[in-house]
Amino acid sequence: MSATRLLTKGSSIGRYYPADVDYSLADRIALLPKAEQEKMLKGMDPEALLHDFNFWGRPSQLSAIESEAPFVIALAGRGWGKTRVMSEWVHRKAMDNPGCRIALIGRVVSDVRDIMIMGESGILNVTPPHERPRYVASMRRVRWDNGSEAITYSADIASQMRGPQQHFAACDELAAWRQKPDASGMNMWGNVRMATRLGSNPQIFVATTPRRVPDMLDLYSLAQDEPDKVDVIRGSTFANRHLPKTYMDVVTGLYQGTHLGAQELEGELVGDISGALMTSIVIDRLDGLSSSTAIKGPVKVVTTGNIALTGQQTIDGVAVVAGDRVLVRSQSTPTQNGIYLVDTG
């Protein structure tokens, strides 16, 4: 009888970074013995490190910031670090392109102010003090000393983007935008695409948890047809090792066994027919093998204790077979937690 192994799920669209390989330099140093930590950190300026995202950023996050594709999509679960990555991207564009113009678009006005600009992971809080821009709320502007500026917009007011033009645009939670058209029938997403046209390489950065809405489906379709134009970076909530255990217990408890678990924790685009998910690539956490499969939605069982990730087994009294989905949430090694697919091999 063949053995059974548990496989992680990624997507055939874009790049998926399993949590157990998505370690920042800071994460890796934290795993070292104390003496080696001190050796690695010797001579480093703590204040400089505090704002050095090359130190704190995980490979998935850094790849999103460094992408040169016209559309960059950070498509990930809650708590992955989407806001921080988008703020770092905006700041880098402003510093590398003096005098450039950037659009900051959120679901509503308060989201742009409270999350994108002033939030814990917003632009004002992640930039080094000597490079920190000024926020002029009355003018809807964030201004850098080198002449770059970001202008704020609400996705609810699509007509705001008629007339302006910019080199870059940052779109927060695109999948949650209300589809409010302007007088011509175009919504904010359509207008953003039309208005981001300055410079030799205009770019739009989208950071969102996925939902099956027209704008997201259009992006997925473009990513399939022209992957060189749309760089999709996918990641899991479980990759963020700095989230409190109490938070992880709450969110996994809320979403266990539901279609929303795949969407809100793993950043998967859940289908609207019988909970089906988009055809995906299943990536073996253990040896890197992959195979195509269609993932179905809810999970068969949720683990309540540490389990082996290989071999035939019964999990909490439930025998799993090939094709079953399992929410692994109680591993002694937290990075092994996630949604798995049972396969035979």
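Look above for the structure.
Definitions and cut-offs
Just so you know, the residues in each chain are numbered from 1, in the order the chain's sequence is written. Where totals are concerned, whole chains, interfaces and linings use all residues; where local detail is concerned, this predicted model gives features only for residues with pLDDT of at least 70, and gives and counts side-chain atom pairs only at 80 or more. Where side-chain values are given, they derive from all heavy atoms of the structure, hydrogens and water being excluded. Numbering goes from the N terminus for both helices and strands, where a helix is a DSSP run of H or I of at least four residues and a strand is a run of E of at least two. Only heavy atoms enter the contact rule, under which two residues are in contact if any of them lie within 4.5 Å. Only the protein chains shown count as cover for residues, and the accessible areas themselves come from Shrake-Rupley with a 1.4 Å probe. Lining residues are defined by having an atom within 4 Å of a point belonging to a cavity or pocket. Those points lie on a 1 Å grid over the protein atoms alone, cavities being sets where a 1.4 Å probe fits but cannot get out and pockets being open sets with protein on both sides within 12 Å along at least five of seven lines. Grid points are joined across faces, edges and corners, and a volume is the space filled by probe spheres set on the points. Residue polarity follows a fixed list, in which Ala, Val, Leu, Ile, Met, Phe, Trp, Tyr, Cys and Pro are nonpolar, Asp, Glu, Lys and Arg are charged, and the others, Gly among them, are polar. To qualify as a nonpolar core, a set must consist of buried Ala, Val, Leu, Ile, Met, Phe, Trp, Tyr and Cys residues joined through side-chain atoms within 4.5 Å. Buried, partly exposed and exposed residues are distinguished by accessible area as a fraction of the type maximum, computed with a 1.4 Å probe on protein chains only: under 20%, between the cut-offs, and over 50%, respectively. Between N or O atoms, a polar contact is any pair within 3.5 Å; within protein, one atom must be a potential hydrogen donor and the other a potential acceptor, and residues adjacent in sequence are included only when both atoms are from side chains. Stacked, tilted and edge-to-face are the three classes assigned to paired rings of Phe, Tyr and Trp, where Trp is represented by its six-membered ring and a pair needs centres within 6.5 Å; plane angles under 30 degrees give stacked, over 60 edge-to-face, the rest tilted. In this description, a line fitted to the C-alpha atoms serves as the axis of each element, helices being fitted only across the stretch in contact, and the angle between N-to-C directions of two axes falls anywhere from 0 to 180 degrees. The rule for pairing is simple: two strands pair if DSSP sees at least two bridges between them. Candidates for patches are residues over 30% relative accessible area with no salt bridge; among them, like charges are joined within 9 Å and nonpolar side chains (Val, Leu, Ile, Met, Phe, Trp, Tyr) within 5 Å. Salt bridges are identified by distance alone: a Lys or Arg side-chain nitrogen within 4 Å of an Asp or Glu carboxyl oxygen.

Draft legend 1. Region of interest: the overall build of the protein chain. Helices and strands together make up the secondary structure of the protein chain, namely 12 helices and 17 strands. Put simply, of all contacts in the protein chain between residues at least 6 apart along the chain, 69% involve residues at least 24 apart. When the accessible surface of the protein chain is split by element, carbon and sulfur atoms take 53% of a total near 15600 Å².

Draft legend 2. Expanded view of the layout of surface pockets. Within this model, the largest pocket holds a volume of roughly 720 Å³. In this structure, the largest pocket is lined by 29 residues; those nearest its centre are Gly79, Trp80, Gly81, Ser121 and Asn240. Element by element, the count of residues in the lining of the largest pocket is highest for helix H6 (residues 82–96), at 3 residues. Among the residues making up the lining of the largest pocket, the classes are represented as 10 nonpolar, 10 polar and 9 charged.

Draft legend 3. Quick peek at the nonpolar core. Core analysis: the biggest nonpolar cluster contains 37 residues, and Val90, Ile102, Leu104 and Phe205 have the highest contact counts within it. Here this core takes 5 residues from H6, the largest share from any one element. Ignoring any residue separated from it by four or fewer positions in sequence, one finds Val90 in contact with Ile102, Leu104, Ile123, Trp144 and Ala170. Met161, Val192, Val213 and Ala223 belong to the second largest nonpolar core, which has 31 residues in total.

Draft legend 4. Representation of the side chain of Thr209 within the structure. Its place among the elements puts Thr209 in the loop between strand E9 (203–208) and helix H10 (214–225). The exposure class assigned to Thr209 is buried, which follows from its relative accessible area of 6%. A distance of 3.4 Å separates a polar side-chain atom of Thr209 from the backbone oxygen of Ala76. A polar contact is formed between the side chain of Thr209 and the side chain of Lys82, at a distance of 3.4 Å.

Draft legend 5. Quick peek at the packing of aromatic side chains. Counted by the stated rule, this structure contains 4 aromatic pairs. Ring geometry for Trp89 against Phe168: centres 6.1 Å apart, planes inclined by 85°, an arrangement best described as edge-to-face. You can see Trp89 sitting in helix H6 and its partner Phe168 sitting in strand E8 (residues 168–172), a full 79 residues away along the chain. The buried category is assigned to Trp89, whose relative accessible area is 0%. Its relative accessible area of 5% is what places Phe168 among the buried residues.

Draft legend 6. Spotlight on the packing of helix H11 (residues 245–255) against helix H12 (residues 259–266). Viewed as axis vectors pointing N to C, H11 and H12 meet at an angle of 145°, and their least axial separation amounts to 8 Å. Where H11 approaches H12, its residues Val251, Thr252 and Tyr255 are matched on the opposing element by Leu260, Gly261, Glu264 and Leu265. Its residues assigned to classes, the contact of H11 with H12 comprises 4 nonpolar, 2 polar and 1 charged.

Draft legend 7. Local environment of the pairing of strand E3 (residues 71–76). E3 sits mainly inside the fold: 6 of its 6 residues count as buried. Residue alternation in E3 divides its side chains into two sets, Phe71, Ile73 and Leu75 and Val72, Ala74 and Ala76, and both sets are buried. Pairing between E3 and E9: 5 bridges, direction parallel. The partner of Val72 across the bridge, within E9, is Phe205. Direction of pairing for E3 relative to strand E10 (residues 230–235): parallel, over a ladder of 6 bridges. Counted as the bridge partner of Ala76 is Gly235 from E10.

Draft legend 8. Local environment of the environment of Ile315. Along the chain, Ile315 falls in strand E14 (residues 314–315). Given a relative accessible area of 2%, Ile315 falls into the buried group. Here the alpha-carbon distance between Ile315 and Lys300, two residues 15 residues apart in the chain, equals 9.9 Å. Ignoring anything within four residues of it in the chain, the contact list for Ile315 reads Val301, Thr303, Ile307, Val320 and Val326.

Draft legend 9. Geometry of a nonpolar patch on the surface. On the surface, Leu25, Met40, Leu41 and Met44 cluster together into a nonpolar patch covering about 310 Å² of accessible area. Along the chain, Met40 turns up in helix H2 (residues 34–41).

Draft legend 10. Summary view of the pattern of salt bridges. Evaluation of the coordinates by the stated rule reveals 14 salt bridges. As a salt-bridge pair, Asp111 and Arg107 come within 3.1 Å of each other at their nearest N and O atoms. Its relative accessible area of 29% is what places Arg107 among the partly exposed residues. Here Lys245 makes a salt bridge to Asp249, at a shortest N to O gap of 2.9 Å. One end of the pair is Lys245 and the other is Asp249, both in helix H11 and 4 residues apart, which spans about a single turn. What you see here is one network of salt bridges that share partners, running through Arg141, Arg143 and Glu149.

These figures capture arrangement, not role.
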